[in-house]
Amino acid sequence: MKFGDEVKEWLCFWSQFKRIHEHKYIELEDKFQYLIQCMSPGTRVKEIIDGYPPTAENYTKAIENLKARFGREELLVEYYVHELLTLVVKNATKSKLSITELYDKLESHLRSLESIGMISDKYSAMLFPIVESCIPEDI
């Protein structure tokens, strides 16, 4: 899995790379080489990681930098809530999705929120009325 500059790529990337990161028997220098190979060429994040000499000490710094830029819970929550709201607004005003397409996209974003620890109790009071407002009344 290659990682670029998109916040939306973080969860997928980190769920895969975390196995290497947490592996006890891989040396930090080797983990750093794997990290370098996972960065998408030509992206800002690749330039940032390439800015660290690939040493054991810098591996930890590079990972912390990535987590601070892409893995912060509040950043991920903000991204997925924004995506949900964008989906709702588009469906209410512009191109109407079929109810199954809308459902699938909503479910996908909600699963992403759940995977970072956001349970529906935290967002349901705000989000559900907004989502309901974009669904046709006959449904």
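The structure under discussion appears in the preceding block.
Residues numbered from 1 in each chain as written. Predicted model: local features only at pLDDT ≥ 70, side-chain atom pairs only at ≥ 80, totals over all residues. Heavy atoms only, no water.

Turning our eyes to something else, we now look at the overall build of the protein chain. Looking only at helices and strands, the protein chain features 7 helices and 0 strands. Ordered by position from the N terminus, the helices and strands of the protein chain form the series α-α-α-α-α-α-α. Against the 2.2 N^0.38 benchmark of 14 Å for 139 residues, the protein chain shows a C-alpha radius of gyration of 19 Å, more extended than a compact globule. Along the three orthogonal principal directions, the C-alpha set of the protein chain runs to about 60 × 30 × 20 Å. Looking at the protein chain as a whole, 36% of its 139 residues qualify as buried. Excluding contacts between residues fewer than 6 apart, the proportion of contacts in the protein chain whose partners are at least 24 apart in sequence is 59%. (Helix = DSSP H or I, 4+ residues; strand = E, 2+ residues; numbered from the N terminus. Rg over C-alpha atoms; globule rule 2.2 N^0.38 Å. Buried < 20%, exposed > 50% of the residue type's maximum accessible area, 1.4 Å probe, protein only. Contact = heavy atoms within 4.5 Å.)

Glancing now at a negative patch on the surface. Taken together, the side chains of Glu 27, Glu 29, Asp 30 and Glu 57 present a region of like negative charge at the surface. Along the chain, Glu 57 turns up in helix α4 (residues 56-70). You can call Glu 57 exposed: its relative accessible area is 59%. (Patch = residues over 30% accessible without salt bridge, like charges linked within 9 Å, V, L, I, M, F, W, Y side chains within 5 Å. Areas by Shrake-Rupley, 256 points an atom, 1.4 Å probe, with all protein chains shown as cover. Salt bridge = Lys/Arg side-chain N within 4 Å of Asp/Glu carboxyl O. Lys, Arg positive; Asp, Glu negative; His and termini not counted. Charge placed at Lys NZ, Arg CZ, Asp CG, Glu CD.)

Evaluation of the coordinates by the stated rule reveals 11 aromatic pairs. With a centroid separation of 5.6 Å and 75° between ring planes, the pair formed by Phe 3 and Trp 10 is classed as edge-to-face. For Phe 3, a relative accessible area of 0% translates into the label buried. Centroid distance Phe 13 to Phe 17: 5.5 Å. Interplanar angle 15°. Geometry classified as stacked. Taken together, the positions of Phe 13 and Phe 17, both in helix α1 (residues 10-22) and 4 residues apart, correspond to about one turn of that helix. Each of the two residues, Phe 13 as well as Phe 17, counts as buried. Grouped by ring-pair contacts, the aromatic residues Phe 3, Trp 10, Phe 13, Trp 14, Phe 17 and Phe 70 constitute a single cluster. (Phe/Tyr/Trp six-rings, centres within 6.5 Å; stacked < 30°, edge-to-face > 60°.)

Moving on, we come to the state of the cysteines. All told, the structure shown has 0 disulfides when counted by the stated rule. Cys 12 forms no disulfide, and the closest cysteine sulfur to it belongs to Cys 38, at a distance of 11 Å. Classification of Cys 12 as partly exposed rests on a relative accessible area of 39%. (Disulfide = S-S within 2.5 Å.)

Structurally, the position occupied by Asn 65 is in helix α4. Apart from the residues lying within four places of it in its own chain, the contact partners of Asn 65 are Ile 48 and Tyr 52.

As for its position among the elements, Ser 112 is in helix α6 (residues 99-115). Dropping the residues within four chain positions of it, Ser 112 is found in contact with Leu 11 and Tyr 80.

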